[in-house]
Number of protein chains: 2
Amino acid sequence: MNSTSLKSFLTSHLNVDEQDILTLLSHCTTKKVKKDTFLLRKNERCSHTFFVEKGLLRQYSIDEKGKEHILAFAPESWFVTDRESSYFNAPSAYYIQALEDSQIVLIDENFIQGLSEKVPSFTNFNNRLLHNHIRHLQRRVNTLLSDSAKERYLQFIKTYPDILIRVPQTMVASYLGITPESLSRVRRELARKNQVNYLGASSRGIKKNTP
Amino acid sequence: MNSTSLKSFLTSHLNVDEQDILTLLSHCTTKKVKKDTFLLRKNERCSHTFFVEKGLLRQYSIDEKGKEHILAFAPESWFVTDRESSYFNAPSAYYIQALEDSQIVLIDENFIQGLSEKVPSFTNFNNRLLHNHIRHLQRRVNTLLSDSAKERYLQFIKTYPDILIRVPQTMVASYLGITPESLSRVRRELARKNQVNYLGASSRGIKKNTP
């Protein structure tokens, strides 16, 4: 739950000149938002990528029956956006909402696209963001197709090591695409086998994923 | 099932100079492959994006119990690749296989990356491919999380209008993440309501998606 500034994230994770980073940051806006604030609502056009410096966001859809489905959580150091909406200039099918009081950097998508056509280090930066997004989504599709409830839960803990203690169980079940009852069963089973304690920290050394 | 050359696809879909298209094509290889040929196997490194000029590919994984899970079909005019493997230089978790005798263009990923850092029209081309990929995967995650078997099936027909008559039902079920029995039930129900005939063509005017 440590906060990470976008500047230090870019400096440590990407091979981008400091001057280029400062140019990018001068076009970003930092915003403090209260819990439950919406950064994007269905049918709005998404024009930013959101970087979470502190706090927690979620991206979700609501189906015709009013049920919520969580596509992604975005804790500290994660990016979240609806690229379908921003790139194809389409109304979004999703909501992006703060689940905690948060500090968010808004990165203008048009600015990034424009810069990535001119400055090679930004082409690389943008490319890396897009490939990370594809990697995450492809793994998510494969998990939803092939993994059992238990495997999905263990994968979730790897991806989001501290989210379990920050959101209600119903949201975890929604992300996993399983019922809250299945999630409770999996957690009881794992607790019985002492594989994962109640916080989700594994006794078998599950490592944190770098975004 | 009409064949589409990569050249005519690029000319009609993308705003790229003809000279740049010819440069790209001079670095691509066209390959005729027999049904069942593997273009990628698990644990190999994926170094190409495959464009289907004629025929049909599938990308799939095999779980620990030996069960296959189809992430994507790629008929004529579709691109398919494992970007996680090619971009992050990682062993692939997937197989890419021809389901029919096919004609495929192999686009060298390193070449595309290099070109997209130098030539703006290729930056745009690459960007568009990546965003299309994200759009497809994001919709797939949302469908798997929120849609009923019937909704998934109708979405499938929109995405792949002619695949139903080209692959066994078990593969369609595998793609949809439902059992073959659920798929049969959905098809019977839709046939009874005369919503979708046996070829999958809807009487309510389902439109073909452009890739």
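Every chain's residues receive numbers from 1 upward, in the order its sequence appears when written. Written order determines the labels here, with chains lettered from A and ligands numbered from 1. In keeping with the model being predicted, local features are shown solely for residues with a pLDDT of at least 70 and side-chain atom pairs are shown and tallied solely at 80 or more, while totals for entire chains, interfaces and linings include all residues. To get the side-chain values, take all heavy atoms of the structure and skip hydrogens and water.

Under an unreviewed UniProt entry, chain A has the name Crp/Fnr-type transcriptional regulator and belongs to Zobellia galactanivorans.

It is worth spelling out the pattern of salt bridges at this point. Note on definitions: salt bridges are taken to be side-chain nitrogens of Lys or Arg within 4 Å of carboxyl oxygens of Asp or Glu. Overall, the coordinates contain 18 salt bridges over all chains when judged by the stated rule. A salt bridge links Glu100(A) to Arg166(A); the nearest nitrogen and oxygen atoms lie 2.8 Å apart. Here Arg166(A) lies in the loop between α6 (149-159) and α7 (169-176) and Glu100(A) lies in the loop between β7 (95-98) and β8 (102-108), a separation of 66 residues in the sequence. Arg166(A) gets classed as buried once you look at its relative accessible area, which sits at 11%. For Glu18(B), the salt bridge identified is with Lys7(B), shortest N-O distance 3.6 Å. Here Glu18(B) is found in helix α2 (residues 18-26), whereas its partner Lys7(B) is found in helix α1 (residues 6-13), with 11 residues between them in sequence. For Lys7(B), a relative accessible area of 34% corresponds to the partly exposed category. The numbering of helices and of strands both runs from the N terminus, where a helix is a DSSP run of H or I of at least 4 residues and a strand a run of E of at least 2. For each residue, the accessible area found with a 1.4 Å probe, counting protein chains only, is set against the maximum for its type, and the residue is called buried under 20%, exposed over 50%, and partly exposed in between.

With that out of the way, let us pick up the relation of the copies chain B and chain A. Here the copies were fitted onto each other by least squares, based on C-alpha atoms from residues at pLDDT of at least 70 in both. Under the fitted operation, chain B is carried onto chain A by 0.0 Å of movement along the axis and a turn of 180°, and the coordinates agree to an RMSD of 0.0 Å. What we have between these two chains is a two-fold relation. Between two residues, a contact is recorded if the distance between any of their heavy atoms is within 4.5 Å. A shared interface surface links the copies, since 100% of the contact residues of chain B are contact residues in chain A too.

Here is the key point about a regular strand: its side chains alternate between the two faces of the sheet. Residue and element names in this part refer to chain A. Burial of strand β5 (residues 68-74) is extensive: six of the seven residues sit out of reach of the surface. As defined by bridge partners, strand β4 (residues 57-62) adjoins β5 across six bridges and the pair is classed as antiparallel. Within β5, the residue paired with Ser-61 across the bridge is His-69. At least two DSSP bridges between two strands are required for those strands to pair. Turn length for the β4-β5 hairpin, with the two strands adjacent in sequence and antiparallel, is five residues, and the turn residue Gly-66 shows positive phi of about 90°.

A few words now on the interface of chain B and chain A. On the chain A side, the residues contacting the 43 residues of chain B number 43 residues. What counts as buried area is the accessible surface, traced by a 1.4 Å probe, that two parts surrender upon association, with contributions from both included. With both sides pooled, the region where chain B packs onto chain A buries about 3700 Å², and carbon together with sulfur makes up 62% of that total. Its largest share of buried area at the contact with chain A, chain B owes to His131(B), Gln138(B) and Leu145(B), together 20% of the area lost on that side. For the pair chain B and chain A, the number of links is two salt bridges. With a closest N to O distance of 2.5 Å, Arg139(B) and Glu84(A) form a salt bridge. The definition of a polar contact used here is a pair of N or O atoms within 3.5 Å, where within protein one atom must be able to donate a hydrogen and the other to accept one, and adjacent residues in sequence count solely through side-chain atom pairs. At the junction of chain B and chain A, the tally comes to 13 residue pairs in polar contact (both at pLDDT 80 or more). Elements with a minimum of two residues in the side of chain B that touches chain A: β4 (57-62), β5 (68-74), α3 (83-88), α4 (109-118), α5 (120-146) and α7 (169-176) of chain B.

As a further point, take the layout of surface pockets. Its boundaries defined by the atoms lining it, the second largest pocket holds a volume of some 930 Å³. Space inside and on the surface of the protein is sampled on a 1 Å grid over the protein atoms alone, with a cavity defined as a set of points where a 1.4 Å probe fits but cannot get out and a pocket as an open set with protein on both sides within 12 Å along at least 5 of 7 lines; lining residues have an atom within 4 Å of a point. Lining of the second largest pocket is provided by 26 residues; of these, Asn142(A), Thr143(A), Ser146(A), Asp147(A) and Gln155(A) occupy positions nearest its centre. Of all the elements in the fold, those that place two or more residues in the lining of the second largest pocket are α5 (120-146) and α6 of chain A together with β4 of chain B. Gly is put with the polar residues, along with every residue not named as nonpolar or charged; the nonpolar set is Ala, Val, Leu, Ile, Met, Phe, Trp, Tyr, Cys and Pro, and the charged set is Asp, Glu, Lys and Arg. When grouped by side-chain class, the residues that make up the lining of the second largest pocket number six nonpolar, nine polar and 11 charged. Grid points are joined across faces, edges and corners, and a volume is the space filled by probe spheres set on the points.

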